[in-house]
Amino acid sequence: MTDLESAKLKACEAIDKAATELNSLSQEIWKNPELNFEEHHAHQVLTDFLEKNGFKVERKFVVDTAFRATFGSQENGGINACVICEYDALPEIGHACGHNLIAEAGAGAGLGIKAAMEAAGKPLGKLTVMGTPAEEGGGGKVKLIDAGAFKDIDLAMMVHPADSGCDAANIPTLAIIDLVVTFHGKASHAAYAPWEGVNALDAAVMFYQNMSVMRQQMKPTWRIHAVISNGGAKPNIIPEKSEVNFYLRAPTEAELSELKERALACAEGAAKATGCKMEHKQLMHYSNLLVNKLLAGVFIQNAERLGVKFLTEEELAKKSAGSTDMGNVTYEVPGIHPIYGLQTDSVNHSKGFTAATGAPEAQEPTLVQAKAMAMTVLDIFFKGGPIMKQIREDFEEAIEKSKGQ
């Protein structure tokens, strides 16, 4: 048995040995769902777990509910591999995106990699387990990127649960922006002198309808979804202010920019038609995922050894895509974001999926993913500079391609 194979075996054994504790960690997060930047309990239990297991832990890293846990060093040009945990929940429906399992897989992978590093008897590199809050619209990873948290990272990875039969290491995601358009009109008594008013709600409704009409000319991969978040105060007052909150999604940054331009033209048209003034602000921007092909290939090889059956290219092409701030990370460093299926037909962001992420049946596939990540990082550590050079070349090629979209 080679040193690499021995290390992989050691990592898997460590994850299996900690299975009960990792399940408890996941359950503790699942039973106490917390929203964007409010994940104080999850932050506490994860950092306590990692510190107890020998990591150097930096709590409240950049933001109050983020953390960084490290082991090893980058001496003599060593590689710094980052495994990412998410742990925020959704309003009303809890962990309907399975971030409790993402946290478990990240912590488990970190535990396995550390055990293998300790058993190797020689320096392998540096391991970082990064806790990233507020993926559900808060852009936790974006804040960490802006603070330079990924400057010394060489590669990053995480896994994400989905419905049954959705195992893929290279599924694309959509770039997304969250915009709020505000229309300003003039209030007036709706019965006594409606002609004195300028109806901001009419502008919001017209804007919504303009975008709906625009859908006929949208590409099949583009997405728009919106709500009128402010429609006025009372029926007998002509609304002087209205707001429309909407998401735009597209496969690339270039297409997203085009879609944004069209959507804002719809808003400007509604404002002119109703005599209102219009302003807009952008709340969030997640980039599309740049999957590192070589890194994904290494992950696939390891996961297949553990029994994972991945979607074919034809099956993958039929799948819909969401959005994630992990996309922003993959514009900073080479990265992957594999998805894996749970034993459920319920899709993400549904009550049925919330139940699935807390079910005992979720544990086995989650631990398999933790092992696959651990084995992948060990491949990179042991193969060192040559494979990292190829990974970096793939990354730079993807960045250049994204600029020419």
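Whatever comes next refers back to the structure up there.
As a starting point, this report considers the structure included with it. Owing to the predicted nature of the structure, the values given are computational and were not obtained by experimental measurement.

So, the packing of aromatic side chains
Part 1 of the reasoning: Scanning the model with the defined rule gives four aromatic pairs in all.
Part 2 of the reasoning: Aromatic side chains Phe67 and Tyr87 sit 6.0 Å apart centroid to centroid with 15 degrees between the ring planes, which places their arrangement in the stacked category. Residue Phe67 is found in strand β2 (residues 67-72), and its partner Tyr87 is found in the loop between β3 (80-85) and α4 (99-120); the two are separated by 20 residues along the sequence.
Part 3 of the reasoning: The exposure class of Phe67 is buried, given its relative accessible area of 0%.
Part 4 of the reasoning: Classification of Tyr87 as buried rests on a relative accessible area of 0%.
Part 5 of the reasoning: Pairwise contacts between aromatic rings join Phe183, Phe207 and Phe246 into one cluster.
Part 6 of the reasoning: Lying over the aromatic face of Phe71, Lys114 brings its terminal NZ or CZ to 4.9 Å of the ring centre.

Re the pairing of strand β9 (residues 241-250)
Part 1 of the reasoning: Judged from the 10 bridges that link them, strand β7 (residues 175-184) and β9 form a sheet pairing that is antiparallel. Across the sheet, Ile176 pairs through a bridge with Arg249, a residue of β9.
Part 2 of the reasoning: Bridge count for strand β8 (residues 223-230) against β9 is seven bridges, and the pairing is antiparallel. Paired with His225 across the strands is Tyr247, a residue of β9.

What to know about the sheet that holds strand β4 (residues 126-131)
Part 1 of the reasoning: Spatial ordering of the open sheet is given by β1-β2-β4-β3-β5-β11, a layout of six strands whose pairing is mixed. The open sheet is flanked by β1 (56-59) and β11 (335-336), the only strands paired with a single partner.
Part 2 of the reasoning: Here strand β5 (residues 155-157) runs beside β11; their pairing, made up of two bridges, is parallel. Across the sheet, residue Met157 finds its bridge partner in β11, namely Ile336.
Part 3 of the reasoning: Where helix α12 (residues 363-403) meets the sheet, its contacts fall on β3, β4 and β5, and the angle it forms with β5 comes to roughly 165 degrees.

Observations regarding the pattern of salt bridges
Part 1 of the reasoning: For the coordinates displayed, the defined rule picks out 17 salt bridges.
Part 2 of the reasoning: Note that Arg305 is salt-bridged to Glu5, the shortest N-O span being 2.9 Å. Of the two residues, Arg305 sits in helix α8 (residues 293-305) while Glu5 sits in helix α1 (residues 3-17), which places them 300 residues apart along the sequence.
Part 3 of the reasoning: A residue is classified by how much of its surface remains accessible, and Arg305, at 53% relative accessible area, is exposed.
Part 4 of the reasoning: A salt bridge links Lys371 to Asp16; the nearest nitrogen and oxygen atoms lie 2.7 Å apart. On the criterion of sequence distance, the pair formed by Lys371 in helix α12 and Asp16 in helix α1 is long-range, its members being 355 residues apart.
Part 5 of the reasoning: The exposure class assigned to Asp16 is partly exposed, which follows from its relative accessible area of 42%.
Part 6 of the reasoning: A network of salt bridges, in which partner residues are shared, links Lys8, Asp379 and Lys383.

Rules used in this analysis
Residues numbered from 1 in each chain as written. Predicted model: local features only at pLDDT ≥ 70, side-chain atom pairs only at ≥ 80, totals over all residues. Heavy atoms only, no water. Phe/Tyr/Trp six-rings, centres within 6.5 Å; stacked < 30°, edge-to-face > 60°. Helix = DSSP H or I, 4+ residues; strand = E, 2+ residues; numbered from the N terminus. Buried < 20%, exposed > 50% of the residue type's maximum accessible area, 1.4 Å probe, protein only. Lys NZ or Arg CZ within 6 Å of the ring centre and 35° of its normal. Pairing = 2+ DSSP bridges. Contact = heavy atoms within 4.5 Å. Axes fitted to C-alpha atoms, helices over the stretch in contact; angles between N-to-C directions. Salt bridge = Lys/Arg side-chain N within 4 Å of Asp/Glu carboxyl O.

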